[in-house]
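# Secondary and tertiary structure notes
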Amino acid sequence: MKVTVFGIGYVGLVQAAVLASVGHHVMCIDIDDKKVADLKKGLIPIYEPGLTPIVEETYQNGLLDFTTDAKAGIDHGEIQFIAVGTPPDEDGSADLQYVLKVANTIATHMTEHKIVIDKSTVPVGTADKVKAEMTSVLASRNSDLLFDVVSNPEFLKEGAAVADCMKPDRIVIGTDSENVKKAMHELYAPFNRNNDRMIFMDIRSAELTKYAANCMLATKISFMNEMSNLAELLGADIEAVRHGIGSDSRIGYQFIYPGCGYGGSCFPKDVQALIKTSHGIDYQPALLEAVETVNHAQKQKLFTHIKNYFGNDLAGKTIAVWGLSFKPKTDDMREASSRVLMESLWQAGAKVQAYDPEAMEECQRIYGNRDDLILVGTKEAALRNADALAICTEWSQFRAPDFDFVSQSLSNPVIVDGRNLYDPQMLNEKGFTYFAIGRGDSLKKTS
Ligand SMILES: NC(=O)c1ccc[n+]([C@@H]2O[C@H](COP(=O)([O-])OP(=O)(O)OC[C@H]3O[C@@H](n4cnc5c(N)ncnc54)[C@H](O)[C@@H]3O)[C@@H](O)[C@H]2O)c1
(Lines give C-alpha, C1' and ligand atoms only; values in the text may rest on other atoms or scores of the structure.)
Protein backbone atom coordinates (compact mmCIF):
# COMPACT_ATOMS: atom_id res chain seq x y z
CA MET A 1 0.00 0.00 0.00
CA LYS A 2 1.06 3.61 -0.39
CA VAL A 3 1.55 5.24 2.97
CA THR A 4 2.52 8.74 4.06
CA VAL A 5 3.88 9.38 7.55
CA PHE A 6 3.94 12.88 9.06
CA GLY A 7 6.66 13.23 11.69
CA ILE A 8 9.98 11.37 11.59
CA GLY A 9 10.46 10.97 15.35
CA TYR A 10 10.74 7.87 17.52
CA VAL A 11 7.29 6.71 16.44
CA GLY A 12 7.05 7.94 12.83
CA LEU A 13 10.49 6.79 11.68
CA VAL A 14 10.26 3.34 13.27
CA GLN A 15 6.72 2.71 12.03
CA ALA A 16 7.60 3.97 8.54
CA ALA A 17 10.71 1.78 8.30
CA VAL A 18 8.90 -1.30 9.57
CA LEU A 19 5.98 -0.78 7.13
CA ALA A 20 8.49 -0.36 4.29
CA SER A 21 10.37 -3.48 5.36
CA VAL A 22 7.32 -5.64 4.58
CA GLY A 23 6.78 -4.04 1.17
CA HIS A 24 4.58 -0.97 1.66
CA HIS A 25 5.70 2.20 -0.15
CA VAL A 26 6.27 4.78 2.55
CA MET A 27 6.94 8.50 2.21
CA CYS A 28 7.92 10.39 5.37
CA ILE A 29 7.31 14.11 5.74
CA ASP A 30 8.91 16.31 8.36
CA ILE A 31 9.24 20.06 8.80
CA ASP A 32 12.78 19.58 10.10
CA ASP A 33 14.93 20.12 6.96
CA LYS A 34 18.07 18.86 8.65
CA LYS A 35 16.46 15.61 9.75
CA VAL A 36 15.24 14.93 6.22
CA ALA A 37 18.59 15.85 4.64
CA ASP A 38 20.48 13.69 7.17
CA LEU A 39 18.21 10.70 6.57
CA LYS A 40 18.75 11.00 2.85
CA LYS A 41 22.48 10.80 3.58
CA GLY A 42 21.96 7.70 5.73
CA LEU A 43 22.31 9.51 9.08
CA ILE A 44 19.69 8.22 11.53
CA PRO A 45 18.65 10.97 13.97
CA ILE A 46 17.84 8.69 16.93
CA TYR A 47 19.35 5.65 18.60
CA GLU A 48 17.01 2.68 18.43
CA PRO A 49 18.34 -0.89 18.34
CA GLY A 50 17.91 -2.53 14.92
CA LEU A 51 16.59 0.60 13.21
CA THR A 52 19.60 1.64 11.12
CA PRO A 53 19.80 -1.46 8.86
CA ILE A 54 16.07 -1.37 8.08
CA VAL A 55 16.13 2.33 7.22
CA GLU A 56 19.23 1.85 5.06
CA GLU A 57 17.84 -1.16 3.21
CA THR A 58 14.36 0.24 2.58
CA TYR A 59 15.71 3.64 1.52
CA GLN A 60 18.09 1.96 -0.92
CA ASN A 61 15.42 -0.29 -2.41
CA GLY A 62 13.09 2.68 -2.84
CA LEU A 63 10.34 1.59 -0.44
CA LEU A 64 11.14 4.35 2.05
CA ASP A 65 11.73 8.00 1.24
CA PHE A 66 11.83 11.33 3.03
CA THR A 67 10.68 14.80 2.04
CA THR A 68 9.80 18.22 3.38
CA ASP A 69 7.43 18.77 0.45
CA ALA A 70 3.98 18.35 1.98
CA LYS A 71 2.10 18.35 -1.34
CA ALA A 72 4.27 15.60 -2.83
CA GLY A 73 4.01 13.59 0.37
CA ILE A 74 0.24 13.89 0.55
CA ASP A 75 -0.19 12.93 -3.11
CA HIS A 76 1.83 9.77 -2.40
CA GLY A 77 -0.32 7.96 0.17
CA GLU A 78 -3.85 6.66 0.26
CA ILE A 79 -3.10 6.35 3.99
CA GLN A 80 -1.80 9.36 5.91
CA PHE A 81 -0.33 8.73 9.36
CA ILE A 82 -0.08 11.59 11.83
CA ALA A 83 2.89 10.77 14.10
CA VAL A 84 3.94 14.24 15.23
CA GLY A 85 4.59 15.25 18.83
CA THR A 86 1.89 16.08 21.37
CA PRO A 87 4.01 17.73 24.07
CA PRO A 88 2.50 19.08 27.26
CA ASP A 89 1.04 22.57 27.01
CA GLU A 90 1.84 25.06 29.79
CA ASP A 91 -1.08 23.73 31.86
CA GLY A 92 -0.15 20.06 31.31
CA SER A 93 -2.82 19.30 28.70
CA ALA A 94 -1.71 17.77 25.39
CA ASP A 95 -0.70 20.46 22.91
CA LEU A 96 -2.53 19.56 19.70
CA GLN A 97 -1.14 22.32 17.50
CA TYR A 98 1.15 19.97 15.51
CA VAL A 99 -1.58 17.35 14.98
CA LEU A 100 -4.10 19.97 13.83
CA LYS A 101 -1.50 21.61 11.60
CA VAL A 102 -0.98 18.29 9.82
CA ALA A 103 -4.77 17.85 9.46
CA ASN A 104 -4.91 21.32 7.94
CA THR A 105 -2.04 20.57 5.55
CA ILE A 106 -3.59 17.29 4.37
CA ALA A 107 -6.93 18.99 3.69
CA THR A 108 -5.17 21.83 1.89
CA HIS A 109 -3.37 19.57 -0.58
CA MET A 110 -5.44 16.39 -0.95
CA THR A 111 -6.96 15.69 -4.35
CA GLU A 112 -8.60 12.33 -3.60
CA HIS A 113 -10.04 10.34 -0.67
CA LYS A 114 -7.60 9.86 2.22
CA ILE A 115 -7.58 7.71 5.34
CA VAL A 116 -6.05 9.87 8.05
CA ILE A 117 -4.68 7.80 10.92
CA ASP A 118 -3.88 9.40 14.21
CA LYS A 119 -0.91 7.59 15.69
CA SER A 120 0.16 10.39 18.00
CA THR A 121 -1.10 10.05 21.57
CA VAL A 122 -4.06 12.41 21.71
CA PRO A 123 -6.87 13.13 24.18
CA VAL A 124 -10.34 11.69 23.67
CA GLY A 125 -12.18 13.86 21.17
CA THR A 126 -9.13 14.71 19.04
CA ALA A 127 -10.39 12.75 16.03
CA ASP A 128 -13.44 15.04 16.07
CA LYS A 129 -11.11 18.06 16.08
CA VAL A 130 -9.07 16.63 13.19
CA LYS A 131 -12.31 16.03 11.27
CA ALA A 132 -13.55 19.56 11.99
CA GLU A 133 -10.23 21.10 10.90
CA MET A 134 -10.19 19.15 7.65
CA THR A 135 -13.87 19.81 6.95
CA SER A 136 -13.35 23.54 7.40
CA VAL A 137 -10.32 23.64 5.07
CA LEU A 138 -12.10 21.56 2.41
CA ALA A 139 -15.14 23.85 2.67
CA SER A 140 -12.91 26.88 2.10
CA ARG A 141 -11.62 25.12 -1.03
CA ASN A 142 -15.23 24.43 -2.12
CA SER A 143 -14.21 20.80 -2.21
CA ASP A 144 -16.49 17.82 -1.67
CA LEU A 145 -13.58 15.38 -1.22
CA LEU A 146 -14.19 12.67 1.39
CA PHE A 147 -11.87 11.39 4.08
CA ASP A 148 -11.87 9.08 7.12
CA VAL A 149 -10.23 9.78 10.45
CA VAL A 150 -8.98 6.76 12.38
CA SER A 151 -7.44 6.39 15.83
CA ASN A 152 -4.56 3.91 15.86
CA PRO A 153 -2.51 4.63 19.00
CA GLU A 154 1.07 3.42 19.17
CA PHE A 155 2.28 1.20 22.02
CA LEU A 156 5.95 0.78 21.07
CA LYS A 157 8.61 1.03 23.77
CA GLU A 158 11.72 3.08 23.05
CA GLY A 159 14.70 0.71 23.18
CA ALA A 160 12.59 -2.11 21.71
CA ALA A 161 10.60 -0.08 19.19
CA VAL A 162 11.49 -2.08 16.08
CA ALA A 163 10.63 -5.40 17.70
CA ASP A 164 7.41 -3.94 19.11
CA CYS A 165 6.30 -2.75 15.66
CA MET A 166 7.29 -6.01 14.01
CA LYS A 167 5.45 -8.08 16.62
CA PRO A 168 2.92 -5.83 18.31
CA ASP A 169 1.01 -7.17 21.33
CA ARG A 170 -2.08 -5.55 19.88
CA ILE A 171 -3.09 -3.21 17.07
CA VAL A 172 -5.87 -0.97 18.37
CA ILE A 173 -8.03 0.62 15.69
CA GLY A 174 -10.77 3.12 16.43
CA THR A 175 -13.14 3.45 13.49
CA ASP A 176 -16.78 3.07 12.58
CA SER A 177 -16.17 2.46 8.85
CA GLU A 178 -16.15 -1.00 7.26
CA ASN A 179 -13.94 0.23 4.40
CA VAL A 180 -11.37 1.53 6.87
CA LYS A 181 -11.41 -1.82 8.68
CA LYS A 182 -10.63 -3.56 5.38
CA ALA A 183 -7.79 -1.15 4.64
CA MET A 184 -6.35 -1.58 8.15
CA HIS A 185 -6.47 -5.36 7.77
CA GLU A 186 -4.52 -5.07 4.53
CA LEU A 187 -1.99 -2.61 5.96
CA TYR A 188 -1.24 -4.65 9.06
CA ALA A 189 -1.66 -8.16 7.61
CA PRO A 190 2.13 -8.80 7.60
CA PHE A 191 2.21 -8.19 11.37
CA ASN A 192 -0.92 -10.17 12.09
CA ARG A 193 -0.09 -13.63 10.81
CA ASN A 194 0.62 -15.63 13.94
CA ASN A 195 -2.57 -14.63 15.75
CA ASP A 196 -5.12 -11.88 15.31
CA ARG A 197 -3.76 -8.87 17.10
CA MET A 198 -6.25 -6.37 15.72
CA ILE A 199 -8.74 -4.92 18.17
CA PHE A 200 -11.43 -2.75 16.61
CA MET A 201 -13.43 -0.31 18.68
CA ASP A 202 -15.02 3.11 18.49
CA ILE A 203 -12.69 6.08 18.09
CA ARG A 204 -13.08 7.52 21.60
CA SER A 205 -12.34 4.18 23.24
CA ALA A 206 -9.21 3.78 21.10
CA GLU A 207 -8.02 7.25 22.13
CA LEU A 208 -8.62 6.46 25.81
CA THR A 209 -6.98 3.00 25.55
CA LYS A 210 -3.59 4.60 24.96
CA TYR A 211 -3.84 6.84 28.02
CA ALA A 212 -5.23 4.01 30.15
CA ALA A 213 -2.26 1.78 29.19
CA ASN A 214 0.38 4.39 30.02
CA CYS A 215 -1.37 5.52 33.19
CA MET A 216 -1.63 1.90 34.37
CA LEU A 217 2.12 1.39 33.86
CA ALA A 218 2.95 4.69 35.57
CA THR A 219 0.67 3.67 38.45
CA LYS A 220 2.55 0.40 38.91
CA ILE A 221 5.83 2.30 39.13
CA SER A 222 4.56 4.91 41.56
CA PHE A 223 2.94 2.19 43.66
CA MET A 224 6.27 0.39 43.98
CA ASN A 225 8.04 3.63 44.75
CA GLU A 226 5.56 4.33 47.52
CA MET A 227 6.18 0.83 48.90
CA SER A 228 9.93 1.47 48.68
CA ASN A 229 9.58 4.61 50.79
CA LEU A 230 7.63 2.62 53.37
CA ALA A 231 10.25 -0.13 53.24
CA GLU A 232 12.99 2.40 53.99
CA LEU A 233 11.15 3.81 56.96
CA LEU A 234 10.13 0.42 58.28
CA GLY A 235 13.55 -1.21 57.87
CA ALA A 236 12.39 -3.64 55.17
CA ASP A 237 14.02 -4.45 51.82
CA ILE A 238 11.86 -3.55 48.81
CA GLU A 239 13.74 -6.06 46.64
CA ALA A 240 12.55 -8.90 48.88
CA VAL A 241 9.06 -7.42 48.80
CA ARG A 242 9.22 -7.17 45.00
CA HIS A 243 10.01 -10.88 44.71
CA GLY A 244 7.35 -11.66 47.25
CA ILE A 245 4.58 -9.93 45.36
CA GLY A 246 5.79 -10.52 41.78
CA SER A 247 5.48 -14.26 42.27
CA ASP A 248 1.71 -13.79 42.50
CA SER A 249 0.55 -14.29 38.92
CA ARG A 250 -2.21 -11.71 39.44
CA ILE A 251 0.54 -9.13 40.07
CA GLY A 252 3.48 -10.42 38.02
CA TYR A 253 7.10 -9.23 37.91
CA GLN A 254 6.77 -6.70 35.10
CA PHE A 255 6.92 -3.00 35.84
CA ILE A 256 7.27 -3.34 39.60
CA TYR A 257 10.84 -2.12 39.86
CA PRO A 258 11.33 0.63 42.43
CA GLY A 259 13.58 3.43 41.21
CA CYS A 260 14.30 7.14 40.99
CA GLY A 261 11.05 7.91 39.16
CA TYR A 262 9.67 7.42 35.67
CA GLY A 263 10.57 9.78 32.83
CA GLY A 264 10.55 9.73 29.06
CA SER A 265 8.37 11.38 26.48
CA CYS A 266 5.23 9.45 27.38
CA PHE A 267 4.38 8.59 30.99
CA PRO A 268 4.85 12.04 32.56
CA LYS A 269 3.01 13.90 29.81
CA ASP A 270 0.26 11.30 29.36
CA VAL A 271 -0.55 11.10 33.09
CA GLN A 272 -0.64 14.90 33.19
CA ALA A 273 -2.80 15.10 30.07
CA LEU A 274 -5.37 12.62 31.43
CA ILE A 275 -5.48 14.59 34.69
CA LYS A 276 -6.19 17.71 32.64
CA THR A 277 -8.83 15.95 30.58
CA SER A 278 -10.48 14.81 33.84
CA HIS A 279 -10.50 18.32 35.27
CA GLY A 280 -12.05 19.54 32.03
CA ILE A 281 -15.05 17.29 32.64
CA ASP A 282 -15.25 18.08 36.37
CA TYR A 283 -13.81 14.77 37.48
CA GLN A 284 -11.17 14.61 40.23
CA PRO A 285 -8.71 11.85 39.20
CA ALA A 286 -7.40 11.21 42.72
CA LEU A 287 -5.36 8.15 41.76
CA LEU A 288 -3.66 9.78 38.75
CA GLU A 289 -2.82 12.86 40.81
CA ALA A 290 -1.21 10.66 43.44
CA VAL A 291 0.78 8.79 40.78
CA GLU A 292 2.22 12.07 39.60
CA THR A 293 2.91 13.41 43.10
CA VAL A 294 4.77 10.24 44.10
CA ASN A 295 6.83 10.41 40.91
CA HIS A 296 7.85 14.04 41.44
CA ALA A 297 9.01 13.23 44.96
CA GLN A 298 10.83 10.10 43.80
CA LYS A 299 12.86 12.06 41.26
CA GLN A 300 14.33 14.06 44.18
CA LYS A 301 15.53 10.96 46.04
CA LEU A 302 19.07 10.73 44.68
CA PHE A 303 19.76 14.39 45.35
CA THR A 304 18.31 14.11 48.86
CA HIS A 305 20.68 11.23 49.68
CA ILE A 306 23.64 13.24 48.36
CA LYS A 307 22.60 16.35 50.28
CA ASN A 308 22.03 14.39 53.48
CA TYR A 309 25.46 12.85 53.18
CA PHE A 310 27.54 15.86 52.11
CA GLY A 311 25.45 18.75 53.46
CA ASN A 312 23.50 21.49 51.67
CA ASP A 313 26.48 23.30 50.20
CA LEU A 314 27.95 21.11 47.50
CA ALA A 315 30.37 23.70 46.12
CA GLY A 316 33.64 22.00 45.29
CA LYS A 317 32.04 18.55 45.05
CA THR A 318 31.97 16.53 41.85
CA ILE A 319 29.35 13.83 41.38
CA ALA A 320 29.88 11.08 38.81
CA VAL A 321 26.62 10.26 37.01
CA TRP A 322 26.16 6.95 35.21
CA GLY A 323 23.20 7.02 32.84
CA LEU A 324 21.52 10.08 31.35
CA SER A 325 18.76 8.61 29.17
CA PHE A 326 15.39 8.04 30.82
CA LYS A 327 15.85 4.30 30.40
CA PRO A 328 18.42 1.96 28.81
CA LYS A 329 18.74 1.39 25.06
CA THR A 330 17.64 4.87 24.07
CA ASP A 331 19.25 8.30 23.74
CA ASP A 332 16.02 10.02 24.80
CA MET A 333 16.45 12.32 27.81
CA ARG A 334 12.96 13.80 27.84
CA GLU A 335 11.85 14.08 31.52
CA ALA A 336 14.75 11.81 32.52
CA SER A 337 15.47 11.46 36.26
CA SER A 338 19.11 12.32 35.50
CA ARG A 339 18.02 15.83 34.57
CA VAL A 340 16.33 16.45 37.91
CA LEU A 341 19.44 15.20 39.70
CA MET A 342 21.92 17.20 37.61
CA GLU A 343 19.91 20.41 37.83
CA SER A 344 19.59 20.04 41.62
CA LEU A 345 23.33 19.37 41.93
CA TRP A 346 24.17 22.45 39.87
CA GLN A 347 21.89 24.58 41.98
CA ALA A 348 23.70 23.37 45.09
CA GLY A 349 27.06 24.28 43.54
CA ALA A 350 28.29 20.78 42.57
CA LYS A 351 29.87 19.68 39.31
CA VAL A 352 28.63 16.70 37.31
CA GLN A 353 30.95 14.28 35.52
CA ALA A 354 28.71 12.10 33.40
CA TYR A 355 28.72 9.12 31.07
CA ASP A 356 25.95 7.46 29.08
CA PRO A 357 26.43 4.87 26.30
CA GLU A 358 24.06 6.69 23.89
CA ALA A 359 22.76 9.97 25.29
CA MET A 360 25.94 12.08 25.44
CA GLU A 361 25.15 14.07 22.31
CA GLU A 362 21.61 14.65 23.47
CA CYS A 363 22.87 15.86 26.85
CA GLN A 364 25.25 18.26 25.11
CA ARG A 365 22.41 19.47 22.90
CA ILE A 366 20.15 20.13 25.89
CA TYR A 367 22.65 21.78 28.24
CA GLY A 368 25.32 23.12 25.89
CA ASN A 369 28.78 23.88 27.24
CA ARG A 370 28.89 24.67 30.92
CA ASP A 371 31.73 24.51 33.46
CA ASP A 372 29.79 22.32 35.84
CA LEU A 373 29.03 19.58 33.26
CA ILE A 374 31.87 17.34 32.15
CA LEU A 375 30.84 14.68 29.65
CA VAL A 376 33.35 11.84 29.45
CA GLY A 377 33.81 8.91 27.09
CA THR A 378 33.70 5.96 29.51
CA LYS A 379 32.04 4.99 32.76
CA GLU A 380 35.49 4.69 34.32
CA ALA A 381 36.44 8.26 33.34
CA ALA A 382 33.30 9.56 35.02
CA LEU A 383 34.57 8.27 38.37
CA ARG A 384 37.94 10.00 38.31
CA ASN A 385 38.31 12.04 41.54
CA ALA A 386 34.53 12.32 41.92
CA ASP A 387 33.13 12.53 45.44
CA ALA A 388 30.33 10.05 44.83
CA LEU A 389 28.74 7.98 42.08
CA ALA A 390 25.04 8.39 41.25
CA ILE A 391 23.30 5.87 38.98
CA CYS A 392 20.27 7.11 37.08
CA THR A 393 19.83 4.52 34.29
CA GLU A 394 20.15 0.74 34.47
CA TRP A 395 22.28 0.25 31.32
CA SER A 396 23.61 -3.31 31.31
CA GLN A 397 27.24 -2.12 31.37
CA PHE A 398 26.68 -0.61 34.83
CA ARG A 399 25.48 -3.85 36.38
CA ALA A 400 28.76 -5.51 37.33
CA PRO A 401 31.54 -2.89 37.50
CA ASP A 402 34.97 -3.52 38.99
CA PHE A 403 34.15 -2.28 42.48
CA ASP A 404 37.80 -2.07 43.54
CA PHE A 405 38.41 0.27 40.61
CA VAL A 406 35.30 2.27 41.51
CA SER A 407 36.48 2.59 45.09
CA GLN A 408 40.01 3.65 44.10
CA SER A 409 38.75 6.20 41.57
CA LEU A 410 36.26 7.97 43.81
CA SER A 411 37.49 10.41 46.46
CA ASN A 412 34.79 8.95 48.74
CA PRO A 413 33.44 5.44 48.24
CA VAL A 414 29.81 6.55 48.09
CA ILE A 415 27.27 5.14 45.64
CA VAL A 416 23.75 6.50 45.30
CA ASP A 417 21.90 3.96 43.20
CA GLY A 418 18.57 4.95 41.69
CA ARG A 419 18.05 1.53 40.08
CA ASN A 420 18.98 -0.97 42.82
CA LEU A 421 21.68 -2.60 40.73
CA TYR A 422 23.91 -3.94 43.50
CA ASP A 423 23.90 -6.14 46.55
CA PRO A 424 24.00 -3.81 49.59
CA GLN A 425 25.76 -6.36 51.76
CA MET A 426 28.55 -6.93 49.25
CA LEU A 427 29.07 -3.19 48.80
CA ASN A 428 29.15 -2.62 52.53
CA GLU A 429 31.76 -5.35 52.88
CA LYS A 430 33.84 -3.60 50.24
CA GLY A 431 33.72 -0.42 52.29
CA PHE A 432 31.16 1.54 50.27
CA THR A 433 28.48 3.75 51.67
CA TYR A 434 25.57 2.60 49.54
CA PHE A 435 22.22 4.31 49.19
CA ALA A 436 19.65 2.43 47.14
CA ILE A 437 15.89 2.71 46.77
CA GLY A 438 13.79 1.16 49.54
CA ARG A 439 16.52 -1.08 50.89
CA GLY A 440 16.39 -0.76 54.65
CA ASP A 441 19.40 -3.03 54.71
CA SER A 442 21.71 -0.67 52.86
CA LEU A 443 20.59 2.22 55.05
CA LYS A 444 21.03 0.34 58.31
CA LYS A 445 24.59 -0.65 57.53
CA THR A 446 25.65 2.76 56.30
CA SER A 447 24.06 4.85 59.05
N1 LIG B 1 8.34 8.05 21.82
C2 LIG B 1 7.60 7.03 22.22
O3 LIG B 1 8.09 6.08 22.84
C4 LIG B 1 6.13 7.00 21.90
C5 LIG B 1 5.43 5.78 22.04
C6 LIG B 1 4.07 5.76 21.73
C7 LIG B 1 3.43 6.92 21.34
N8 LIG B 1 4.13 8.09 21.25
C9 LIG B 1 3.42 9.30 20.80
O10 LIG B 1 3.70 9.48 19.41
C11 LIG B 1 3.78 10.88 19.10
C12 LIG B 1 5.14 11.20 18.49
O13 LIG B 1 6.13 10.95 19.47
P14 LIG B 1 7.69 10.93 19.12
O15 LIG B 1 8.40 10.53 20.36
O16 LIG B 1 7.89 10.16 17.87
O17 LIG B 1 7.92 12.50 18.81
P18 LIG B 1 9.24 13.19 18.25
O19 LIG B 1 9.29 14.51 18.92
O20 LIG B 1 10.40 12.26 18.36
O21 LIG B 1 8.94 13.39 16.69
C22 LIG B 1 7.95 14.24 16.21
C23 LIG B 1 8.36 14.70 14.81
O24 LIG B 1 7.26 15.42 14.22
C25 LIG B 1 7.80 16.45 13.42
N26 LIG B 1 6.76 17.43 13.11
C27 LIG B 1 6.19 18.38 13.87
N28 LIG B 1 5.27 19.07 13.19
C29 LIG B 1 5.22 18.55 11.96
C30 LIG B 1 4.46 18.82 10.79
N31 LIG B 1 3.54 19.79 10.76
N32 LIG B 1 4.68 18.07 9.69
C33 LIG B 1 5.61 17.09 9.69
N34 LIG B 1 6.36 16.78 10.76
C35 LIG B 1 6.17 17.51 11.89
C36 LIG B 1 8.96 16.98 14.27
O37 LIG B 1 9.86 17.75 13.51
C38 LIG B 1 9.55 15.66 14.78
O39 LIG B 1 10.54 15.17 13.89
C40 LIG B 1 3.48 11.61 20.41
O41 LIG B 1 2.12 11.90 20.48
C42 LIG B 1 3.85 10.58 21.47
O43 LIG B 1 3.15 10.77 22.67
C44 LIG B 1 5.47 8.15 21.50
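See the structure above.
Thresholds, definitions, all that
Residues numbered from 1 in each chain as written. Predicted model: local features only at pLDDT ≥ 70, side-chain atom pairs only at ≥ 80, totals over all residues. Heavy atoms only, no water. Phe/Tyr/Trp six-rings, centres within 6.5 Å; stacked < 30°, edge-to-face > 60°. Buried < 20%, exposed > 50% of the residue type's maximum accessible area, 1.4 Å probe, protein only. Helix = DSSP H or I, 4+ residues; strand = E, 2+ residues; numbered from the N terminus. Lys NZ or Arg CZ within 6 Å of the ring centre and 35° of its normal. Salt bridge = Lys/Arg side-chain N within 4 Å of Asp/Glu carboxyl O.

Tallied over the full model, the rule gives 12 aromatic pairs. Measuring from ring centre to ring centre gives 5.9 Å for Tyr262 and Phe267, while their planes differ by 75°; the resulting arrangement is edge-to-face. Residue Tyr262 is classed as buried on the basis of its relative accessible area, which comes to 4%. With centroids separated by 6.0 Å and ring planes inclined at 75°, the aromatic side chains of Phe403 and Phe432 adopt a geometry described as edge-to-face. Of this pair, Phe403 sits in helix α17 (residues 403-409) while Phe432 sits in the loop between α18 (424-429) and β14 (433-435), and the two are 29 residues apart along the sequence. We note that Phe403, like Phe432, is buried. Three or more aromatic residues link up through ring pairs in this structure, and these residues are Phe403, Tyr422, Phe432 and Tyr434. A cation over a ring is seen here: Arg170 above Phe155, with NZ or CZ 3.7 Å from the ring centre. If you follow Arg370 out to its NZ or CZ, it ends over the ring of Trp346, 3.8 Å from the centre.

All right, on to the environment of Gly42 then. The residue Gly42 is located in the loop between α2 (33-40) and α3 (51-60) in this model. Here Gly42 falls in the partly exposed class, since its relative accessible area comes to 31%. Distance from Gly42 to Ala386, taken between C-alpha atoms, is 39 Å for residues 344 residues apart in sequence.

In this section: the pattern of salt bridges. Any two side chains of opposite charge can pair, so long as their charged atoms come close to each other. Scanning the model with the defined rule gives 21 salt bridges in all. Among the salt bridges present, the one from Arg334 reaches Glu158, with a minimum N-O distance of 3.8 Å. Of this pair, Arg334 sits in the loop between β9 (318-322) and α14 (337-347) while Glu158 sits in the loop between β6 (147-151) and α7 (161-166), and the two are 176 residues apart along the sequence. Between Asp237 and Arg439 there is a salt bridge; the shortest N-O distance is 2.8 Å. Of this pair, Asp237 sits in the loop between α9 (203-234) and α10 (238-246) while Arg439 sits in the loop between β14 and α19 (440-446), placing them 202 residues apart in sequence. Judged on exposure class, the residue Asp237 and its partner Arg439 are both buried. Three or more residues joined by partner-sharing salt bridges are found here, namely Lys34, Asp38 and Lys41.

Worth remembering: the numbers are spatial, not functional.
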